[in-house]
Amino acid sequence: MIVAERKPFAEIEAMLAPYKKVLIAGCGTCVAVCLAGGEKEVGLLAAELSIASKIKGRPLAISQATVERQCDREFLSELKDPVEENEAILSLACGAGIQFLAEIYDTKPVLPGVNTTFIGVNEAVGFWTERCRACHECVLDQTGGICPKTVCAKGILNGPCGGTVHGQCEVDREKPCAWTLIYRRLEKTGRLDLIRKAFEPSRNSLRITPAYQTHAAYKRRFEAHE
Ligand code: SF4
Ligand code: SF4
């Protein structure tokens, strides 16, 4: 999932200062799971903004709408009417959703209400950890299902770095060394021979952005991208 956190209230208030009619647009997928931008968070932010505007004597009308996914054209069409009725849209989706919303409704200012932080997992209620950097060259088959590019503080592909002390990372002693975790996982799954493998330098520097991906069944439809 994509993890995000809501921007500080003062920053949101400052962004909305030029507008009197604002739509807060939530997303019901990743940002809802990480309690940053789902229907409930849209409601809470709308209430906070209404109270603050009343206290400050500043007129502000707020509408609310949450769609299943803001990174999907099909669901964004549901926002057509509320977008038209408002001067600006504050999106609580991840950075991808915010950009797609801004692209589709390109005559209205679309503002970010969250900071997108990483691709991660839900470890426990209210606790998420980063697990992937979308590198295009997944090595998890050779590293025991632990990503060295993300979990290692230095992103080292041929670790450990030499700073490991009793299995902890030299950059942050509170955190386990990724390469110690990789060693133990490979040992546990009977694949310790893989620890001797030397990885070639990553080709990430050659990566062209923005990336795109077409499913094989849709290649003809989107062949302009090929
Ligand atoms: S190697 Fe790590 S960053 Fe790259 S795709 Fe796999 S999990 Fe993601
Ligand atoms: S101690 Fe381990 S996790 Fe920390 S930077 Fe070195 S190899 Fe990476």
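Below is a short write-up of the structure. Sequence order as written defines the numbering, with residues in each chain counted from 1. Chain A is the first chain written and ligand 1 is the first ligand written, with later ones labelled in order. Reporting of local features is limited, given that this is a predicted model, to residues whose pLDDT is at least 70; pairs of side-chain atoms are given and counted only at 80 or more, and all residues count toward the totals for whole chains, interfaces and linings. The side-chain values count all of the structure's non-hydrogen atoms but skip hydrogen atoms and water molecules.

Concerning helix α8 (residues 178-188)
Applied cut-off: Residue burial is assigned from relative accessible area. The probe radius is 1.4 Å, only protein chains are included, and a residue is buried under 20% of its type maximum, exposed over 50%, and partly exposed in between. Secondary structure elements are taken from DSSP: a helix is a run of H or I of four residues or more, a strand is a run of E of two residues or more, and numbering for both begins at the N terminus. Only heavy atoms enter the contact rule, under which two residues are in contact if any of them lie within 4.5 Å.
Along α8, the residues classified as buried are A178, W179, T180, I182 and L186. At its buried positions, α8 is contacted by α7 (148-151). Trailing α8 by a residue or two, G190 shows a phi angle of about 70°, which is positive.

So, the pattern of salt bridges
To keep things clear, this is the line we draw: Every case where a carboxyl oxygen of Asp or Glu lies within 4 Å of a side-chain nitrogen of Lys or Arg is listed as a salt bridge.
Under the defined criterion, the tally for this structure stands at 9 salt bridges. A salt bridge links E48 to R6; the shortest N-O distance between them is 2.9 Å. With E48 in helix α3 (residues 39-56) and R6 in strand β1 (residues 2-6), this residue pair connects regions lying 42 residues apart in the sequence. The partner of E170 in a salt bridge is K154, with the nearest N and O atoms 2.4 Å apart. Taken together, the residues E170 in the loop between α7 and α8 and K154 in the loop between α7 and α8 connect sequence positions 16 residues apart. Residue classification places K154 among the partly exposed residues on the basis of a relative accessible area of 43%.

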